[in-house]
Amino acid sequence: MGFVKTRDEDETANLIWSDSAVQQEKIAELRNYQRINHFPGMGEICRKDFLARNMTKMIKSQPQEYSFIPRTWIFPAEYTQFQNYVKELKKKRRQKTFIVKPANGAMGHGISLIRNGEKLQAQDHLIVQEYLDKPFLMEGYKFDLRVYILVTSCDPLKVFLYHDGLVRMGTEKYHPPSDSNLSQLYMHLTNYSVNKHNEHFERDETEDKGSKRSIKWFTEFLETNNLDVSKFWSDISELVVKTLIVAEPHVLHAYRMCRPGQAPGSDSVCFEVLGFDILLDRKLKPWLLEINRAPSFGTDQKIDYDVKKGVLLNALKLLNIRTSDKRRNLAQQKAEAQKRLYGQGSMKKLLPGSSDWEKQRHTLERRKEELKERLAQVRKQISKEEHENRHMGNYRRIYPPDDKTLLEKYESLLATAFQTFLAGRAASLQREMNNPLKRMKEEDILDLLEQCEIDDEKLMGKCTRQRGPKPLCSMPESAQPLRKFKNYNSDSSCDSGSSMSESGEETEKEDHNEKKEKKVSYDLEENRYKSLERSGRMNWKPSIKNTKSPSYSSPTSSTGPIRRSVSCPRSISILTMQSQAAEQRPFSAKAPLQIQRASSVNRSHSLNRSPSSARVPQTPSLATMNSLGSESLMQQKTKEQEVALTKETLLMINDMRMKFPGKTDEESELIIEDIMDNWKYHKTKVASYWLVKLDSVKQRKVLDIVKTSVRAVLQHVWKAPDIENLHLYRLFNRVFNRLLWSHGQGLWNCFCNSG
């Protein structure tokens, strides 16, 4: 890969590899372009006693999720609990085998098996575990799996699983433990460092023979025996992620202590290749034995070389270490130093005697800065993911997973881990983890930024300018400029088939509707749709040639600016539509250029999207749009259905009532009426409860109750497999994101004056 080994004392190396744990001072001294192969705090799961202690804590709060580690006791601290357990077994006339290990041992040293737990001494620093006596056997031998894991970042957590590894077999046929065979370690232990000394150890270079084989061969063996390989990999992945979730609070806290000035989301100077030792029981359930933070890269056999070379080579490709990193880092440091020198980019402090208007402006500016910073982080993560997807090799990303349900489960476990291990300390870190912005996508942040700009314009007394490109006046059937039509039920402001053909009658209706803005009803919205469809039928003339126009899954505005980068979900449907339209008939380059200029004039500087979106033409050809007229009748039914479903959804949500524990609906109504009637009296109590007493986690839980109800209604009415693609759901999502703004201040601002 072009790396050259330097002297050990060279402090400017791009990559530093250490076979032992690294001191935190060393990590603190590293420059931003350097990489070292250990995280601080990873010992919390790599030392046997620390792993047992941390797992016990997680098992107390999440017993169902953490059932993959054998029952463990740490001596001497838990000696009494162990002896009580042994006595309970004796009463039930049951006998179990226990495996005894040194607390910080390695390579199988000092391991023994016992059946009489009463003989163990309390003073030794040991780990005692229940022995798994019913393992999955291969050719009569017990074995374990060495699975290689790459952690590239702890902020945010990123975990990759190598889709190969080593199968390490015992060298004597397995028999359940008994008093006669407890000392036969070649039968019960699968460590390579132990079994290589046995005369029966087979160093066979063929894939399906020998005491050491590859996991790739093992998965083929499972397939041959009609066993579920995909479930095997998903179980392994889940075990690994859940274990690293236990480590994450410790690792992130220690990393932040080492790198206090480093911005969240910036490139990690640490990475780690971990070796997970996993045992399969006879039901193919994986059990975690231990984790090695310095797994052996010795190559005694060809199989070692093949597997371990792939582990390292693909890991270094994923890390994306370049010779230009050093130069770029120096330039960045110089630029930051100049900014600090000239006081650029820093927020002005609010003076003590500032007016309410100045305070509002300051809050808004701070909010915008926070949003822009988070937007930059999200976009950086997107570009990183694109690189990872191209250079993953035999690795697979297991955290964050693609499955949304699984991601929600992991995030819930992560929140539990932070509460369990950092309770009462690292308050700023806890606040940051609970920040709603942390979970927002690019499009949500852009929406909030846009709203900030609108709020800013209102505060400055400017009239809110129309967003998006200037309307086209040269359309064949349109006599006057088009008015923007507010469509609450589709992904864009107006339907691509009818937006270009709005008649004077429609404009008059909109002017009339604007006067009655506060009394918008469902019927009015329905009338708008009908008038749109009427004007579409009146103005659009069927084309002479029967051109086959593309059918769209959802009506999308072709005139609106592409404000989002290509990675944004909402932009994909627009791009797809445009590419289909472009295939229909070529059009001149002048039209899109003019529209691009128009859109760039109206778009504010802070809301500029990724440059990739600017290169995409903004409108399909006029001929393609003309051909859409013939489809307006076909789309009419779908549009009516959409209006009906939206109406039904809102009616159902309107029928929802607040529930008070132990109160009837009538009593609940009376309580709410009392609060509304005496709002001045209740206002301070509600404010102190919502803004002070509840932390951000509890605030989110309160809103999650409502969010779940809304989601249930949408699923019931729309009967869509994935409601997250519904425009209505996205609107609600934006509302919820806005309500949680600034530790619940968003929700309070909504009703503190109006009740």
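What counts and how
Residues numbered from 1 in each chain as written. Predicted model: local features only at pLDDT ≥ 70, side-chain atom pairs only at ≥ 80, totals over all residues. Heavy atoms only, no water. Helix = DSSP H or I, 4+ residues; strand = E, 2+ residues; numbered from the N terminus. Buried < 20%, exposed > 50% of the residue type's maximum accessible area, 1.4 Å probe, protein only. Contact = heavy atoms within 4.5 Å. Areas by Shrake-Rupley, 256 points an atom, 1.4 Å probe, with all protein chains shown as cover. Pairing = 2+ DSSP bridges. Axes fitted to C-alpha atoms, helices over the stretch in contact; angles between N-to-C directions. Left-handed = near helix turned anticlockwise from the far one by under 90°. Expected span 1.5 Å × (residues − 1). Parallel < 35°, antiparallel > 145°, perpendicular 65-115°, else oblique. Nonpolar A, V, L, I, M, F, W, Y, C, P; charged D, E, K, R; others polar. Patch = residues over 30% accessible without salt bridge, like charges linked within 9 Å, V, L, I, M, F, W, Y side chains within 5 Å. Salt bridge = Lys/Arg side-chain N within 4 Å of Asp/Glu carboxyl O. Polar contact = N/O pair within 3.5 Å; in protein donor to acceptor, adjacent residues only side chain to side chain. Disulfide = S-S within 2.5 Å. Phe/Tyr/Trp six-rings, centres within 6.5 Å; stacked < 30°, edge-to-face > 60°. Lys NZ or Arg CZ within 6 Å of the ring centre and 35° of its normal. Core = buried A, V, L, I, M, F, W, Y, C linked by side-chain atoms within 4.5 Å. pLDDT = per-residue confidence, 0-100. Lys, Arg positive; Asp, Glu negative; His and termini not counted. Charge placed at Lys NZ, Arg CZ, Asp CG, Glu CD.

1. Looking at the overall build of the protein chain
Moving on, step 1. Helix and strand content of the protein chain: 26 helices and 12 strands.
Moving on, step 2. Here the protein chain holds 755 residues, and 46% of them are scored as buried.
Moving on, step 3. Relative to all contacts within the protein chain whose residues are 6 or more apart in sequence, the contacts with residues 24 or more apart total 72%.
Moving on, step 4. Put simply, the protein chain shows about 41,100 Å² of open surface, and 53% of that area lies on carbon and sulfur atoms.

2. Observations concerning the sheet that holds strand β4 (residues 98-102)
Moving on, step 1. If you trace the 4 strands from one edge of the open sheet to the other, you get β3-β6-β4-β5, paired in antiparallel fashion. A single partner strand is all that each edge strand has here, and the edge strands are β3 (72-74) and β5 (112-114). When the angles between neighbouring strand axes are averaged without regard to direction, this sheet yields 25°.
Moving on, step 2. Both β3 and strand β6 (residues 126-130) contribute to a ladder of 3 bridges, which runs antiparallel.

3. Brief notes about the packing of helix α14 (residues 442-459) against helix α25 (residues 727-739)
Moving on, step 1. Running from amino to carboxyl end, α14 crosses α25 at an angle of 65°, the nearest separation of the two axes being 11 Å. Both α14 and α25 take part in a crossing whose hand is right-handed. Note on element contacts: α25 touches α14 through R730, R734, N737 and R738, opposite E443, D444, D447, L448, Q451 and D455.

4. Description of helix α23 (residues 679-693)
Moving on, step 1. Taking 1.5 Å per residue as the helical rise, α23 with its 15 residues ought to reach 21 Å, and the 19 Å between its terminal C-alpha atoms agrees with that figure.
Moving on, step 2. Along α23, the residues that are buried comprise W679, H682, A687 and W690.

5. Brief notes about the side chain of T171
Moving on, step 1. Looking at the secondary structure, you find T171 in the loop between β8 (157-169) and α5 (185-188).
Moving on, step 2. For T171, the residues in contact, after removing those within four places along its chain, are Y141, Y186, N195, N198, H200, F201 and S211.

6. Topic: the packing of helix α24 (residues 696-718) against α25
Moving on, step 1. At a minimum axis separation of 11 Å, α24 and α25 run at an interaxial angle of 175°. Comparing their axes, α25 and α24 come out roughly antiparallel. Taken together, the residues of α25 that come into contact with α24 (itself represented by L703, V706, K707, V710, R711, L714 and W718) are L728, Y729, F732, N733, F736 and L739.
Moving on, step 2. Looking at the contact of α24 with α25, its residues break down into 10 nonpolar, 1 polar and 2 charged.

7. Regarding a nonpolar patch on the surface
Moving on, step 1. On the surface, M1, F3 and L313 cluster together to form a nonpolar patch covering roughly 290 Å² of accessible area.
Moving on, step 2. Structurally, L313 can be placed in helix α9 (residues 302-319).
Moving on, step 3. Classification of L313 by relative accessible area gives partly exposed; the value is 32%.

8. Some words on the side chain of D144
Moving on, step 1. Inspection of the secondary structure puts D144 in strand β7 (residues 143-154).
Moving on, step 2. Classification of D144 by relative accessible area gives buried; the value is 3%.
Moving on, step 3. At a separation of 2.8 Å, a polar atom in the side chain of D144 contacts the side chain of R168.
Moving on, step 4. Ignoring sequence-local partners within four residues, the contact set of D144 consists of L166, V167, R168, T190, D277, I278, L279 and L289.

9. Digging into the state of the cysteines
Moving on, step 1. Enumeration according to the criterion identifies 0 disulfides in this entry.
Moving on, step 2. C258 forms no disulfide, and the closest cysteine sulfur to it belongs to C270, at a distance of 7.2 Å.

10. Some details on the packing of aromatic side chains
Moving on, step 1. If you walk through the whole model with that rule in mind, you get 20 aromatic pairs.
Moving on, step 2. Aromatic pair W73 and Y85: ring centres 5.1 Å apart, planes at 40°, arrangement tilted. In this pair, W73 is assigned in strand β3 and Y85 in helix α4 (residues 79-91), connecting sequence segments 12 residues apart.
Moving on, step 3. Relative accessible area serves as the criterion here: at 14%, Y85 is assigned to the buried category.
Moving on, step 4. For the pair F218 and F221, a centre-to-centre distance of 6.1 Å together with 25° between the ring planes defines the contact as stacked. Of this pair, F218 and F221 are both found in helix α7 (residues 215-224), 3 residues apart, which corresponds to roughly one turn of the helix.
Moving on, step 5. When the ring centre of F50 is taken as origin, the NZ or CZ atom of R47, which lies over that ring, is 4.6 Å away.
Moving on, step 6. The residue whose ring lies beneath R213 is W217, and the NZ or CZ to ring-centre distance is 4.8 Å.

11. Here's the deal with the nonpolar core
Moving on, step 1. Among the nonpolar cores identified, the biggest contains 67 residues, and L145, I149, F218, L244 and F276 are the most heavily contacted of them.
Moving on, step 2. Tallying contributions element by element places helix α8 (residues 229-258) first for this core, with 15 residues.
Moving on, step 3. In contact with F218, not counting residues within four places along its chain, are F136, M138, F143, L145, V167, F232 and L280.
Moving on, step 4. Counting residues in each nonpolar core, the second largest holds 21 residues, with V717, L728, Y729 and L739 among its members.

12. Notes on the pattern of salt bridges
Moving on, step 1. Inspection of every chain in the model, using the stated rule, returns 30 salt bridges.
Moving on, step 2. Put simply, D267 and K384 hold a salt bridge, and the shortest N to O gap is 3.0 Å. Within this pair, whereas D267 is found in the loop between α8 and β10 (272-280), its partner K384 is found in helix α11 (residues 356-390), the two being separated by 117 residues in sequence.
Moving on, step 3. Classification of K384 as partly exposed rests on a relative accessible area of 22%.
Moving on, step 4. For R397, the salt bridge is made with E388, and the minimal N-O distance between the two is 3.0 Å.
Moving on, step 5. For E388, a relative accessible area of 6% gives the class buried.
Moving on, step 6. One salt-bridge network, in which partners are shared between bridges, spans E65, E238, K242 and K409.

13. Overview of the confidence of the model for the protein chain
Moving on, step 1. Residue-level pLDDT values for the protein chain average 75, and 73% of them are 70 or greater.
Moving on, step 2. Below pLDDT 50 for its whole length, residues 467-563 participates in 175 contacts with residues either more than four positions away or in separate chains.
Moving on, step 3. Taken together, the stretch residues 569-635 has pLDDT below 50 and engages in 120 contacts with residues farther than four places along the chain or on a different chain.

14. Brief notes about a negative patch on the surface
Moving on, step 1. On the surface, E207, D208, E220 and E223 cluster together into a negatively charged patch.
Moving on, step 2. Here E223 lies in helix α7.
Moving on, step 3. For E223, a relative accessible area of 52% corresponds to the exposed category.

15. As for the environment of Q24
Moving on, step 1. Here Q24 shows up in helix α1 (residues 24-29).
Moving on, step 2. On the basis of relative accessible area, Q24 is assigned to the partly exposed category, the value being 38%.
Moving on, step 3. C-alpha of Q24 to C-alpha of M257: the two residues are 233 residues apart in sequence and 8.8 Å apart in space.
Moving on, step 4. Beyond its immediate stretch of four places on either side in the chain, Q24 contacts P40, A254 and C258.

16. Quick look at the pairing of β7
Moving on, step 1. Where burial is concerned, most of β7 is hidden: 12 out of the 12 residues are buried.
Moving on, step 2. Judged from the 10 bridges that link them, β7 and β8 form a sheet pairing that is antiparallel. The partner of C154 across the bridge, within β8, is L157.
Moving on, step 3. Two elements, β7 and β10, share 7 bridges in a ladder whose sense is antiparallel. Within β10, the residue paired with I149 across the bridge is L274.

17. Remarks on α24
Moving on, step 1. For α24, spanning 23 residues, the distance from its first C-alpha to its last is 31 Å, which sits close to the expected 33 Å at 1.5 Å a residue.
Moving on, step 2. Taken together, the buried positions of α24 are occupied by S696, V697, Q699, R700, L703, V710, V713, L714, V717 and W718.
Moving on, step 3. Looking at the residues trailing α24, positive phi occurs at K719, about 50°.

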